[in-house]
Amino acid sequence: MSDSGIDADKAVAIRLRARLAVVERAAWFGLVHAMKTRPAETEAYFASERARCTEGFGSGAWAKDLTDAERRMLAAEVDAGLAQLLEEARAEV
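Residues numbered from 1 in each chain as written. Predicted model: local features only at pLDDT ≥ 70, side-chain atom pairs only at ≥ 80, totals over all residues. Heavy atoms only, no water.

Observations concerning the overall build of the protein
Right, so step 1: For the protein, the helix and strand inventory stands at 3 helices and 0 strands.
Right, so step 2: Its helices and strands taken in sequence order, the protein reads α-α-α from the N to the C terminus.
Right, so step 3: The C-alpha radius of gyration of the protein comes to 17 Å, more than 25% above the 12 Å expected for a compact globule of 93 residues.
Right, so step 4: In the protein, which comprises 93 residues, the share counted as buried stands at 18%.
Right, so step 5: Put simply, 52% of the contacts in the protein that link residues at least 6 apart link residues at least 24 apart.
Right, so step 6: Just so you have it, the protein exposes about 7100 Å², and 58% of that area is on carbon and sulfur atoms.
Right, so step 7: Here the protein carries 13 positive and 16 negative side-chain charges, and the mean point of each set is 3 Å from the other. (Helix = DSSP H or I, 4+ residues; strand = E, 2+ residues; numbered from the N terminus. Rg over C-alpha atoms; globule rule 2.2 N^0.38 Å. Buried < 20%, exposed > 50% of the residue type's maximum accessible area, 1.4 Å probe, protein only. Contact = heavy atoms within 4.5 Å. Areas by Shrake-Rupley, 256 points an atom, 1.4 Å probe, with all protein chains shown as cover. Lys, Arg positive; Asp, Glu negative; His and termini not counted. Charge placed at Lys NZ, Arg CZ, Asp CG, Glu CD.)

Here you go:
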């Protein structure tokens, strides 16, 4: 336990979580900007990336350290996340 009352391992996790939040907010800004300035191209890019991720995870070319079932789960989560992100960006503009 440090002087701040936070366990050192927990502090590392909190710092990583904060960094992820910063990257997420910066990416969100870029997505909203893209949707405002080039919506058709942005939507086409998302469709392409969703297909690319489905293929990459589904074929086993990506995330080779995971089992087939784990890759399917990861692919489904990524696909759902990208779809939700795009819907949220549409609502923002």
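Quick notes on the pattern of salt bridges
Right, so step 1: Overall, the coordinates contain 6 salt bridges when judged by the stated rule.
Right, so step 2: Here Asp 79 makes a salt bridge to Arg 50, at a shortest N to O gap of 2.7 Å. Taken as a pair, Asp 79 in helix H3 (residues 68-92) and Arg 50 in helix H2 (residues 39-58) lie far apart in primary sequence, 29 residues in all.
Right, so step 3: Its relative accessible area of 30% is what places Arg 50 among the partly exposed residues.
Right, so step 4: One salt bridge connects Arg 90 with Glu 87, and the closest N-O pair in it is separated by 2.1 Å. Placement of both Arg 90 and Glu 87 in helix H3 is noted, with a separation of 3 residues, approximately one turn of the helix.
Right, so step 5: Exposure remark for Arg 90: the relative accessible area of 33% places this residue in the partly exposed category.
Right, so step 6: Overall, Glu 87 belongs to the partly exposed group, its relative accessible area being 44%. (Salt bridge = Lys/Arg side-chain N within 4 Å of Asp/Glu carboxyl O.)

Brief notes about the packing of helix H1 (residues 8-37) against H2
Right, so step 1: Close contact between H1 and H2 brings their axes to 5 Å; oriented N to C, the two are set at 125°. Classified by the angle their axes make, H1 and H2 are oblique. Across the interface between the two elements, Leu 31, Ala 34, Met 35, Lys 36 and Thr 37 of H1 pack against Pro 39, Thr 42, Glu 43 and Phe 46 of H2.
Right, so step 2: Classifying every residue of the contact of H1 with H2 gives 5 nonpolar, 2 polar and 2 charged. (Axes fitted to C-alpha atoms, helices over the stretch in contact; angles between N-to-C directions. Parallel < 35°, antiparallel > 145°, perpendicular 65-115°, else oblique. Nonpolar A, V, L, I, M, F, W, Y, C, P; charged D, E, K, R; others polar.)

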